[in-house]
Amino acid sequence: MRPYNSLNESLQQRFGEKLYKITLNIGCTCPNRDGTLGTRGCIFCSAGGSGEFAGDPRLTVTEQLEAGIKAITGKRPARRYIAYFQAYTNTYAPLDYLEKVYREALGHPKIAALAIATRPDCLPPEILELLSALNIEKPVWVELGLQTIHEETAAFIRRGYPLPVFQEAVEALHARKLDTIVHVILGLPGETKEMMLDTIRYLNTLPVNGIKLQLLHILNHTDLADCYRRTGFHILTLEEYTDLVISCLEVCRPDLVIHRLTGDGPKDLLIAPDWSTRKRQVLNTIHKELSRRNTWQGKFCPIQKGAQTCPKPRPCTN
């Protein structure tokens, strides 16, 4: 047992077995790219829309699933999988098209659940109702890219929506009994450790089900890479990141599922930090330090599930 509520243990409890994700690309774009909000995407986002490890959009959903299943079973035994709609904004398309591709994945006999990555400003009522209907057939969880609660940082990374939009989306998903997973980036320029912990404290007060902690990667061909070359802003060391992740876990509400402690950057695009490519070493370092400190998720969390107060966001010093 890990000293935190890991995804693997949560899946074992919920489904009775370990599930593996198969990443999909259904050819969506993003309001930050198609001119609705902007054309260059979030400052850290590569041309692949965070879907470098996703399937080939030229293939059908079924073909992508079969290719993913074949790749996984060649390495490890598995019976069922999660269909993960990963690349770009996967609710940002016509309703009939989304229903078609979601149902194609849902109908696959080896798919146990759907995970849909999107933006909180791309969840109109008709999409929410579709997701709610699908959730009756098989579990559906929605992954929202928050990254930070601090508005100046959000403006710097070109997130494109204010914090109340995120909170309204979380409440709308919760009202429809849809699990919500939140992406948080650690190490954004200008953010202090306490600012990052405030983001976790804020999430403690909302009806979210899980968190993905993501190390900031500097990827080639992004505006963040250009900023890094110009300014040389500080990149977290492995020791700093380990300390930060453990502090996040300590203030994190204990029922929240930890879907990720770090992240993978495509090696052909990664500029920094180079230590992040050694994922097993990173995870081992975090686990050993948790043990050494004799600490655990929620150790310093006074807020229980359902609390209605949240910390005031600190101003960004960017």
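Everything discussed here concerns the structure shown above.
1. Quick look at the overall build of the protein
Then comes step 1: Counting secondary structure elements, the protein contains ten helices and nine strands.
Then comes step 2: In summary, the protein has a C-alpha radius of gyration of 19 Å against a globular reference of 20 Å for 318 residues, a match within 12%.
Then comes step 3: Across its three principal axes, the protein shows a C-alpha extent of roughly 45 × 45 × 40 Å.
Then comes step 4: Residues counted as buried form 54% of the 318 residues belonging to the protein.

2. Details of helix 9 (residues 238-251)
Then comes step 1: The end-to-end C-alpha distance of helix 9, which contains 14 residues, comes to 20 Å, matching closely the 20 Å that a straight helix rising 1.5 Å per residue would cover.
Then comes step 2: Where burial is concerned, most of helix 9 is hidden: eleven out of the 14 residues are buried.

3. Some words on the packing of helix 9 against helix 10 (residues 279-293)
Angle between the axes and distance between the axes are the two parameters that describe a pair of packed helices.
Then comes step 1: Contact geometry of helix 9 with helix 10 gives a least axis separation of 10 Å together with a crossing angle of 55°. As judged from the angle between their axes, helix 9 and helix 10 are oblique. The hand of the helix 9/helix 10 crossing is right-handed. Where helix 9 abuts helix 10, its residues L238, Y241, T242, D243, V245, I246 and L249 lie against Q281, V282, T285, I286, E289, L290 and R293.
Then comes step 2: Tallied by class, residues from the contact of helix 9 with helix 10 come to eight nonpolar, three polar and three charged.

4. Regarding the packing of helix 3 (residues 95-106) against helix 4 (residues 125-137)
Then comes step 1: Where helix 3 contacts helix 4, the two axes come as close as 11 Å, and the packing angle between them is 15°. Here helix 4 runs roughly parallel to helix 3, going by the angle between their axes. The interaxial crossing formed by helix 3 with helix 4 has right-handed handedness. Of the residues in helix 4, those touching helix 3 at L95, L98, E99, Y102, R103 and L106 are E126, I127, L130, L131, L134 and E137.
Then comes step 2: For the contact of helix 3 with helix 4, a count of residues per class yields eight nonpolar, no polar and four charged.

5. Topic: the sheet that holds strand 8 (residues 257-260)
Then comes step 1: The seven strands are arranged 1-2-3-4-5-6-8 in an open sheet whose pairing can be described as parallel. What marks the edges here is a single partner per strand, and that holds for strand 1 (20-24) and strand 8. Across the sheet, the mean angle separating the axes of adjacent strands is 25° when strand polarity is ignored.
Then comes step 2: As defined by bridge partners, strand 1 adjoins strand 2 (residues 81-85) across five bridges and the pair is classed as parallel. Bridge pairing in strand 2 places L24 opposite F85.
Then comes step 3: This element, helix 2 (residues 61-73), spans strand 1, strand 2 and strand 3 (111-118) of the sheet and lies at about 140° to strand 1.
Then comes step 4: On top of the sheet, helix 7 (residues 193-204) reaches strand 4 (140-147), strand 5 (179-186) and strand 6 (210-215); it is set at about 170° to strand 5, its chief contact.

6. Overview of the pattern of salt bridges
Then comes step 1: One pass over the structure, following the stated rule, counts 22 salt bridges.
Then comes step 2: D56 is the salt-bridge partner of R58, the closest N and O atoms lying 2.8 Å from each other.
Then comes step 3: As a salt-bridge pair, E289 and R293 come within 2.8 Å of each other at their nearest N and O atoms. Taken together, the positions of E289 and R293, both in helix 10 and four residues apart, correspond to about one turn of that helix.

7. Observations regarding the packing of aromatic side chains
Then comes step 1: Counting across every chain of the model gives four aromatic pairs.
Then comes step 2: Aromatic pair F166 and Y202: ring centres 6.4 Å apart, planes at 45°, arrangement tilted. Within this pair, whereas F166 is found in helix 6 (residues 163-175), its partner Y202 is found in helix 7, the two being separated by 36 residues in sequence. Each of the two residues, F166 as well as Y202, counts as buried.
Then comes step 3: Where Y228 meets F233, the ring centres are 5.3 Å apart and the plane angle is 65°; that geometry is what we call edge-to-face.
Then comes step 4: Looking at Y228, the relative accessible area reads 23%, which means it is partly exposed.
Then comes step 5: Above the plane of the ring of Y84 lies K21, whose end atom (NZ or CZ) is 4.1 Å from the centre.
Then comes step 6: Over the ring of W296 we find K299, and its NZ or CZ is 4.9 Å from the ring centre.

Definitions and limits used
- Every residue gets a number counted from 1 within its own chain, in the order that chain's sequence is written.
- The predicted origin of the model limits local features to residues at a pLDDT of at least 70 and limits the giving and counting of side-chain atom pairs to 80 or more, whereas totals for whole chains, interfaces and linings rest on all residues.
- With hydrogens and water stripped out, all remaining heavy atoms of the structure feed into the side-chain values.
- Under the scheme used here, helices are H or I runs from DSSP no shorter than 4 residues and strands are E runs no shorter than 2 residues, and both carry numbers assigned from the N terminus.
- Radius of gyration means the value over C-alpha atoms here, while the globule rule gives 2.2 Å times the residue count to the 0.38 power.
- Only protein chains enter the area calculation, which uses a 1.4 Å probe; residues under 20% of their type maximum are buried, those over 50% are exposed, and those in between are partly exposed.
- For a helix, the expected span equals 1.5 Å multiplied by the number of residues minus one.
- For helices, the fitted axis covers only the stretch in contact; all axes are lines through C-alpha atoms, and the angles between them, taken along N-to-C directions, range from 0 to 180 degrees.
- Angular relationships are summarised with four words: roughly parallel below 35 degrees, roughly antiparallel beyond 145, roughly perpendicular across 65 to 115, and oblique for the angles in between.
- Left-handed describes a crossing in which the near helix is turned anticlockwise from the far one by less than a right angle; the clockwise case is right-handed.
- Contact between two residues is taken to exist if any of their heavy atoms lie within 4.5 Å; hydrogens are not considered.
- Three classes are used: nonpolar for Ala, Val, Leu, Ile, Met, Phe, Trp, Tyr, Cys and Pro, charged for Asp, Glu, Lys and Arg, and polar for all others, with Gly counted as polar.
- At least two DSSP bridges between two strands are required for those strands to pair.
- Salt bridges, as used here, are contacts in which a Lys or Arg side-chain nitrogen is within 4 Å of a carboxyl oxygen on Asp or Glu.
- Stacked, tilted and edge-to-face are the three classes applied to pairs of Phe, Tyr and Trp rings, where Trp contributes its six-membered ring and a pair requires centres within 6.5 Å; stacked means planes under 30 degrees apart, edge-to-face means over 60, and tilted covers the rest.
- Criterion for a charge above a ring: Lys NZ or Arg CZ within 6 Å of the ring centre, and within 35 degrees of the ring normal.

Scope: geometric values only; no functional claims are made or implied.
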